[in-house]
Amino acid sequence: MKKKNKMSLESEFWAGSEIENPFELIDTFFDFAQIDSYKEKLNEMMMYMHNKEIYKQTYPGQIFIIYKAFHSLIRAGYRLRGMNKKWIINAPSDSLPRPCLGMLSAEEFADPLIVFHTAFTKQTLEQYEFFICELVHLSLSPHIDSCGKDLMSPFIYLTKMLEAAQLIQERGTDKIK
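Residues numbered from 1 in each chain as written. Predicted model: local features only at pLDDT ≥ 70, side-chain atom pairs only at ≥ 80, totals over all residues. Heavy atoms only, no water.

**Re the packing of helix α6 (residues 113-122) against helix α8 (residues 152-171)**
What counts here: Axis definition: a line fitted to C-alpha atoms, limited for helices to the stretch in contact. Angles are taken between N-to-C directions and run from 0 to 180 degrees. Secondary structure elements follow DSSP: runs of H or I of four or more residues count as helices, runs of E of two or more count as strands, with numbering from the N terminus. Any angle that is under 35 degrees is reported as roughly parallel, and any over 145 degrees as roughly antiparallel; angles of 65 to 115 degrees are reported as roughly perpendicular and all others as oblique. Two helices crossing with the near one rotated counterclockwise from the far one by less than a right angle form a left-handed crossing, whereas a clockwise rotation gives a right-handed crossing. Should any heavy atoms of two residues lie within 4.5 Å, those residues are counted as being in contact. Each residue is assigned to one class: nonpolar for Ala, Val, Leu, Ile, Met, Phe, Trp, Tyr, Cys and Pro, charged for Asp, Glu, Lys and Arg, and polar for all the others, Gly among them.
It is the contact of α6 with α8, at a shortest axis distance of 8 Å, that shows an interaxial angle of 155 degrees. When the interaxial angle is binned, α6 and α8 end up roughly antiparallel. The two elements α6 and α8 cross, and the hand of that crossing is left-handed. Between α6 and α8, the residues in contact are L113, V115, F116, T118, A119, F120 and K122 and Y157, K160, M161, A164, A165 and I168, respectively. Classifying every residue of the contact of α6 with α8 by side-chain character gives 10 nonpolar, 1 polar and 2 charged.

Okay, here's the thing in structure tokens:
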């Protein structure tokens, strides 16, 4: 019987090695930078895409590394979208108050894998990859240029994916037997 080929998470450039497991990629993603830093960069790129200033003009190469990390997270999210039947995310500790994560509903907070399923029901993998590429392109451009596509929806879902990924990393996972 032929084994299914798994889509590469393309992590070698920013993580230093190819990571095959999406849960391990999430751990490495948050070892690389904290969620606040990722959100800040994502928000800043969205702002810079609408003005003539170039984002991170003194070191635009940093944006390429962030682009590659987001690209890997999107690919990991795509692989996670159907895993809620095989894996469960450990429940939050009752002793800890719910952190303010902004965009997650109570249902998504309880089961962060729902975020990935919903995100890839609303948009395709290719649409998210186009979004992050276009976001980087426009934020590094000295011209105000609209690509004519909805960039707000993937921005919102990518932010939710960040929050869900952080919950997965914090709580850990168990395989359903």
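**Side note on the packing of helix α7 (residues 125-139) against α8**
Axis separation between α7 and α8 bottoms out at 10 Å; the angle between their running directions is 100 degrees. For the element pair α7 / α8, the angle class is roughly perpendicular. Where α7 abuts α8, its residues Y128, F131 and I132 lie against P154, F155, Y157, L158 and M161. Split into classes, the residues belonging to the contact of α7 with α8 amount to 8 nonpolar, no polar and no charged.

**What to know about the pattern of salt bridges**
Under the convention used in this document: By salt bridge we mean one thing: a side-chain nitrogen of Lys or Arg within 4 Å of a carboxyl oxygen of Asp or Glu. Burial classification: accessible surface area is computed with a 1.4 Å probe over protein chains only, and a residue below 20% of its type maximum counts as buried, one above 50% as exposed, and the rest as partly exposed.
Counted under the stated rule, the structure contains 4 salt bridges. Between R75 and E10 there is a salt bridge; the shortest N-O distance is 3.5 Å. One end of the pair, R75, is in helix α4 (residues 61-80); the other, E10, is in the segment before α1 (12-15), and 65 residues separate them in sequence. For R75, a relative accessible area of 10% translates into the label buried. Classification of E10 as partly exposed rests on a relative accessible area of 24%. With a shortest N-O distance of 2.6 Å, E129 and R75 are connected by a salt bridge. One end of the pair, E129, is in helix α7; the other, R75, is in helix α4, and 54 residues separate them in sequence. One network of salt bridges, with partners in common, ties together E10, R75 and E129.

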